[in-house]
There are 2 protein chains.
Amino acid sequence: MKRKTTRVTSYDVAKLAGVSQPTVSRAFTPNASIAKDKRDRVLAAAKQLHYLPNSIAASLSSARSNIVAVIVGDMHNPFYSESLQAFINRLQATNRQVLAFTVEDGRDCDAVLMQALRYHVDGIVVTSANLSSDLISLSREVGIPIALFNRSTSDPTLTSVRCDSVQGGGLLADAMFAAGAQSYLIVRGDPQGSTSRLRVKGFRDALASLGIGDSAITEIDGGSSYAGSYRAISKHFDSPAPQFPDAIFAVNDIMAIGCIDALRAKFNIAIPGDIMLAGFDGIREGRLGPYHLTTVRQPIEDMVTKTLDLLGRDNQGEKSATQVNCVLPGIFIPGRTVPGLAEIAPDKALEADIESISGKN
Amino acid sequence: MKRKTTRVTSYDVAKLAGVSQPTVSRAFTPNASIAKDKRDRVLAAAKQLHYLPNSIAASLSSARSNIVAVIVGDMHNPFYSESLQAFINRLQATNRQVLAFTVEDGRDCDAVLMQALRYHVDGIVVTSANLSSDLISLSREVGIPIALFNRSTSDPTLTSVRCDSVQGGGLLADAMFAAGAQSYLIVRGDPQGSTSRLRVKGFRDALASLGIGDSAITEIDGGSSYAGSYRAISKHFDSPAPQFPDAIFAVNDIMAIGCIDALRAKFNIAIPGDIMLAGFDGIREGRLGPYHLTTVRQPIEDMVTKTLDLLGRDNQGEKSATQVNCVLPGIFIPGRTVPGLAEIAPDKALEADIESISGKN
DNA sequence: TTGTAGGCGTTATCAA
DNA sequence: TTGATAACGCCTACAA
């Protein structure tokens, strides 16, 4: 049996360098026990032949692929593309690769997850997607750890990392109450997900303990998107004499931005002059000049670190012995959409905001 | 030699189904010649054993990984995260995977490219990054095709797909001239890249043929980012009696947004009332309420299709025989930052804009 | 430190 | 259509 495409293999290098094949392998392995002169000889031969170790073959024989699958549900929400970027950067820095997947709205995450399992990736990060318990147990059987990112788990045996929605919601309620808000509108997100629910809960709990009664709080559905919240706001206040609340809490930033745009364009509302407003996530867009959104930032970097840490730990052996649900606190970001918050001088805050946004072509 | 983790293999399935191992392989291969009853038997056995074909092993044996590497330079620019998403969606739909890489500003793309080559990916898409000619020839030797996305190539032997910067720049010049602009400011992008240069060229050429002399055109450096252009605008007009132009052309949308924010915040400029303005790319953020940016949209979907098409063609055999430089026309998007363009009724345009933006949590 | 031998789990080839 | 057998290119184990 003969192949057409004869690629350069470690055997070719071994022959040229006058060593055995495993020695070539060692030359490319950090901290392998190999004499310096041999390593140099091998590397020289490799360069001469344009040899590149085949990671696929390495994965097969060593049973670790150095690949982590990252499944992103909604790339339309900047929070998730920022998260994906963070995963890529972090893994790249440790010589691992990212196999990236997206799951379109409501589509089954299962097919995609199956693909990931087939590649025998070292771990799977699932962001914002509902996965069936069948697949969860399958992945467990196959021995590939799964971690949920920014998702609290319906299945308590699943490892997950997320930001403290309840605490974060509370921070925003406190800030708005302190700024004098007495009536509130909450714009909800994805009814399927727990994230929206918990943020609302944290917000309402804090208000309750501040003495704000339920009658002062209204909730509407924002569809969890810019367009959805834009429409929701447009429709909600579409009456001859709309009753505007003192404050609006949109459960995520992209929705908050949709609300702001709708309020300004359709109702000529000033923010925070007429209505104060807050979001949740801390996406870069919220820092743009027209918004300066007051929000709670999810500590993406720390969450990514923790997620990969847990995935690696799972890999070490004990498997599903210790599932962990890691909850990190959110960071309150004072913007200009809630009055009386700017401790920092406006220009300084602006500069800081700008610094935090970059982007080259 | 014994392994600890005894995973289910095709042999296990073969034994249970009472067939040979290759038959199991055939059962999982579409259009393979296998009797229906055998396939059913195999699939049943596979399901019972929770068998998943090992794609890594398949890659090794078949010499095709079904993985395409996508190297993204700047995830801070939404254009590139949108592009990455488009690649993921398209490849996923054809049962291929994306190995995602990022290259930080100015860092060497080479190390990352090397990683991709090691995985023997079927092709590599390079977006916004400078790669050395060494690596280009290496990839050619290894037989892995590379395609540049939104990059014109210094190396003319490289396949590339991009939007017609010259034509696009011309469209914007025409629109602004038609709207009455007589004096122009151009905010340049990355001086390294050809993209910015070509867009500026197209813009200036069009102005020249409209009779606008060089003395009416100023160019400044915008650093190719939101922050960079924000600062550039702030500095450029920082004088007791600043001379504002009639029109500003920022070579990409994220910079255009930075310009708008700076003009509004620092100089209280109305757009397009005081100054008209245009960008380039067609990113989602440009559609947000406060901007409604007039721009030229890059046909991302078509560009992605074309890119993958070319990568696949390269793979078919003839290798570097036919390098292709595909240039697709940009699409003029009338926004509200250049007056007199809205052919569509304002509300309808807004709705269309909103529809084009989604995003769930 | 180095080499020999064997296996990782699939697909490709060829004969039946 | 099916099965036996040989690659694919590397890593691991073990002995030297």
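Scroll up for the structure.
What comes next is a walk through the structure. Everything numeric in this text was worked out from a predicted model, so none of it was measured.

With that out of the way, let us pick up the protein's contact with DNA strand D. Taken together, 26 residues form the shell around DNA strand D, and within it Ser10, Ser25 and Ser61 of chain A together with Ser33 and Ala35 of chain B come nearest. Sorting the residues of the surface near DNA strand D by element identifies helix 2 (21-27) and helix 4 (55-62) of chain A together with helix 2 (21-27) and helix 4 (55-62) of chain B as the ones contributing at least two each. Tallied by class, the residues present in the surface near DNA strand D amount to twelve nonpolar, eleven polar and three charged.

With that settled, the discussion passes to the relation of the copies chain A and chain B. Overlay of chain A on chain B (RMSD 0.1 Å): rotation 180°, translation along the axis 0.0 Å. The symmetry that links the two subunits is that of a two-fold axis. Closest approach to the rotation axis within chain A is made by the C-alpha atom of Leu99 of chain A, at a distance of 2.3 Å. A symmetric contact is evident, with 100% of the interface residues of chain A recurring at the interface of chain B.

The next subject is the sheet that holds strand 2 (residues 97-102) of chain A. Hydrogen bonding along the main chain pairs the strands of a sheet, whether they run parallel or antiparallel. A sheet is described by the order of its strands in space; here twelve strands give the open sequence 11(A)-5(A)-4(A)-3(A)-1(A)-2(A)-2(B)-1(B)-3(B)-4(B)-5(B)-11(B), paired in mixed fashion. The open sheet terminates on both sides in strands that have one partner only, identified here as strand 11 (325-328) of chain A together with strand 11 (325-328) of chain B. Going across the sheet, the axis of each strand differs from the next one's by a mean of 20°, ignoring polarity. Direction of pairing for strand 1 (residues 67-72) of chain B relative to strand 3 (residues 123-127) of chain B: parallel, over a ladder of five bridges. If you follow Ile71 of chain B over to strand 3 of chain B, its bridge partner there is Val126 of chain B.

A few words on the sheet that holds strand 8 (residues 247-250) of chain B. Residues and elements named next belong to chain B. Taken in spatial order, the four strands of this open sheet run 7-6-8-9, and their pairing is parallel. Whereas interior strands pair on both sides, the edge strands pair on one side only; in this sheet they are strand 7 (217-221) and strand 9 (276-278). The average angle at which neighbouring strand axes cross in this sheet is 20°, direction not considered. By the bridge criterion, four bridges tie strand 6 (residues 184-188) to strand 8 in an arrangement that is parallel.

The environment of DNA strand C is formed by 28 residues, the closest being Ser33 and Ala35 of chain A together with Ser10, Ser25 and Ser61 of chain B. Sorting the residues of the surface near DNA strand C by element identifies helix 2 and helix 4 of chain A together with helix 2 and helix 4 of chain B as the ones contributing at least two each. With five residues, the single largest contributor to the surface near DNA strand C is helix 4 of chain B.

The next thing to look at is the interface of chain A and chain B. Taken residue by residue, the interface counts 65 residues in chain A and 65 residues in chain B. Of all the elements, strand 2 of chain A adds the most residues to the side of chain A that touches chain B, at six residues. Of the residues in the side of chain A that touches chain B, the class split is 26 nonpolar, 29 polar and ten charged. Here strand 2 of chain A runs beside strand 2 (residues 97-102) of chain B; their pairing, made up of three bridges, is antiparallel. Paired with Val98 of chain A across the bridge in strand 2 of chain B is Ala100 of chain B.

All names here are of chain B. The end-to-end C-alpha distance of helix 11 (residues 253-267), which contains 15 residues, comes to 20 Å, matching closely the 21 Å that a straight helix rising 1.5 Å per residue would cover. For helix 11, the tally of buried residues reaches eleven of 15 residues, placing the bulk of the element in the interior. The secondary structure elements touched by the buried residues of helix 11 are helix 5 (78-93), strand 6, helix 10 (226-236), strand 8, strand 9 and strand 10 (295-297). Following helix 11 by one or two positions, Asn268 has its phi on the positive side, about 55°.

Next up on the list: the environment of Asp110 of chain B. Residue and element names in this part refer to chain B. With respect to the element layout, Asp110 can be found in helix 6 (residues 109-118). According to the C-beta neighbour criterion, Asp110 is partly exposed, with 17 such atoms within 10 Å. On a C-alpha basis, the gap between Asp110 and Ser133 in space is 9.8 Å, while along the polypeptide they are 23 residues apart. With near-sequence residues (within four places) excluded, Asp110 lies in contact with Leu131, Ser132 and Leu135.

Attention now goes to the environment of Ala179 of chain A. All names here are of chain A. As for its placement among the helices and strands, Ala179 is situated in the loop between helix 8 (165-178) and strand 6 (184-188). Remark: the alpha-carbon pair of Ala179 and Leu310, spanning 131 residues in sequence, is separated by 40 Å. Setting aside residues no more than four positions away along its own chain, Ala179 makes contact with Met276, Val338, Pro339 and Gly340.

This part is about helix 8 of chain A. Residue and element names in this part refer to chain A. With 14 residues, helix 8 ought to run about 20 Å at 1.5 Å a step, and its terminal C-alpha atoms sit 20 Å apart, in line with that. Among all positions in helix 8, only Ser165, Gly168, Gly169, Gly170, Leu171, Leu172, Ala173, Ala175 and Met176 are buried. Tucked into the core, helix 8 has its buried residues touching strand 5 (159-163), helix 9 (194-209), strand 8 (247-250), strand 9 (276-278), strand 10 (295-297) and strand 12 (331-333).

Let us now look at the packing of helix 4 of chain A against helix 4 of chain B. At a minimum axis distance of 9 Å, the contact between helix 4 of chain A and helix 4 of chain B shows a crossing angle of 130°. Here helix 4 of chain A lies oblique to helix 4 of chain B, going by the angle between them. For the pair helix 4 of chain A and helix 4 of chain B, the crossing hand works out as left-handed. Facing helix 4 of chain A, whose interface residues are Ile56, Ala57, Ser59 and Leu60 of chain A, helix 4 of chain B presents Ile56, Ala57, Ser59 and Leu60 of chain B. In terms of residue class, the contact of helix 4 of chain A with helix 4 of chain B is built from six nonpolar, two polar and no charged.

Each regular strand carries side chains that alternate between the two faces of the sheet. Residues and elements named next belong to chain B. Where strand 6 meets strand 7, five bridges bridge the pair, whose relative direction is parallel. The residue bridging Ile186 from the neighbouring strand is Glu219, located in strand 7. Crossover handedness for the path strand 6 to helix 9 (residues 194-209) to strand 7: right-handed.

What follows concerns the nonpolar core. By size, the foremost hydrophobic cluster in this structure holds 210 residues, and its most contacted members are Ile71 of chain A together with Ile71 of chain B. With residues near it in sequence (within four places) discarded, Ile71 of chain A still touches Phe101, Val103, Cys109, Val112, Leu113, Ile124, Val125, Val126, Thr127 and Ala129 of chain A.

So, about unusual backbone geometry. Cis peptide bonds are those with omega within 30 degrees of zero, and the linkage from Ile271 of chain A to Pro272 of chain A qualifies with 10°. Residue position: Pro272 of chain A is located in the loop between helix 11 (253-267) and strand 9. Not every positive phi belongs to a glycine, and Asn150 of chain A is a case in point at roughly 60°. Within the secondary structure, Asn150 of chain A sits in the loop between strand 4 (146-149) and strand 5. Residue Asn150 of chain A is classed as buried on the basis of its 24 C-beta neighbours within 10 Å. A positive phi is found at Asn95 of chain B, a non-glycine position, where the angle reads about 65°. For Asn95 of chain B, the position within the fold is in the loop between helix 5 and strand 2.

Quick notes on the rules
Residue positions are counted from 1 within each chain, in the order its sequence is given. Naming scheme: in the order in which they are written, chains are lettered from A and ligands are numbered from 1. In keeping with the model being predicted, local features are shown solely for residues with a pLDDT of at least 70 and side-chain atom pairs are shown and tallied solely at 80 or more, while totals for entire chains, interfaces and linings include all residues. Near, as applied to residues and a molecule or strand, means the residue's backbone-placed C-beta atom lies within 6 Å of it. Each helix corresponds to a stretch of at least 4 residues labelled H or I by DSSP, and each strand to a stretch of at least 2 residues labelled E; elements are numbered beginning at the N terminus. Nonpolar residues are Ala, Val, Leu, Ile, Met, Phe, Trp, Tyr, Cys and Pro. Charged residues are Asp, Glu, Lys and Arg, and all others, Gly as well, are polar. Least-squares superposition aligns the copies on the C-alpha atoms of those residues with pLDDT at or above 70 in both. Whether two residues are in contact depends on their C-beta atoms, placed from the backbone: they are in contact if these lie within 7 Å. At least two bridges found by DSSP between two strands are what make those strands a pair. Structural elements are reduced to axes, namely lines fitted to C-alpha atoms, with helices fitted over the stretch in contact, and the angle between N-to-C directions of any two is expressed from 0 to 180 degrees. An expected span of 1.5 Å times one less than the residue number is assigned to each helix. Buried residues are those with 20 or more other C-beta atoms within 10 Å of their own C-beta, exposed residues have 12 or fewer, and partly exposed residues lie in between; C-beta atoms are placed from the backbone. Just so you know how the angles are binned, under 35 degrees is roughly parallel, over 145 roughly antiparallel, 65 to 115 roughly perpendicular, and the rest oblique. Whether a crossing is left-handed or right-handed is set by the direction in which the near helix is turned from the far one by less than a right angle, anticlockwise for left-handed and clockwise for right-handed. Handedness rule for crossovers: strands pointing away from the viewer, path from the first strand over the helix to the second running clockwise, crossover right-handed. Here, a nonpolar core denotes buried Ala, Val, Leu, Ile, Met, Phe, Trp, Tyr and Cys residues that are linked to one another through C-beta atoms within 7 Å.

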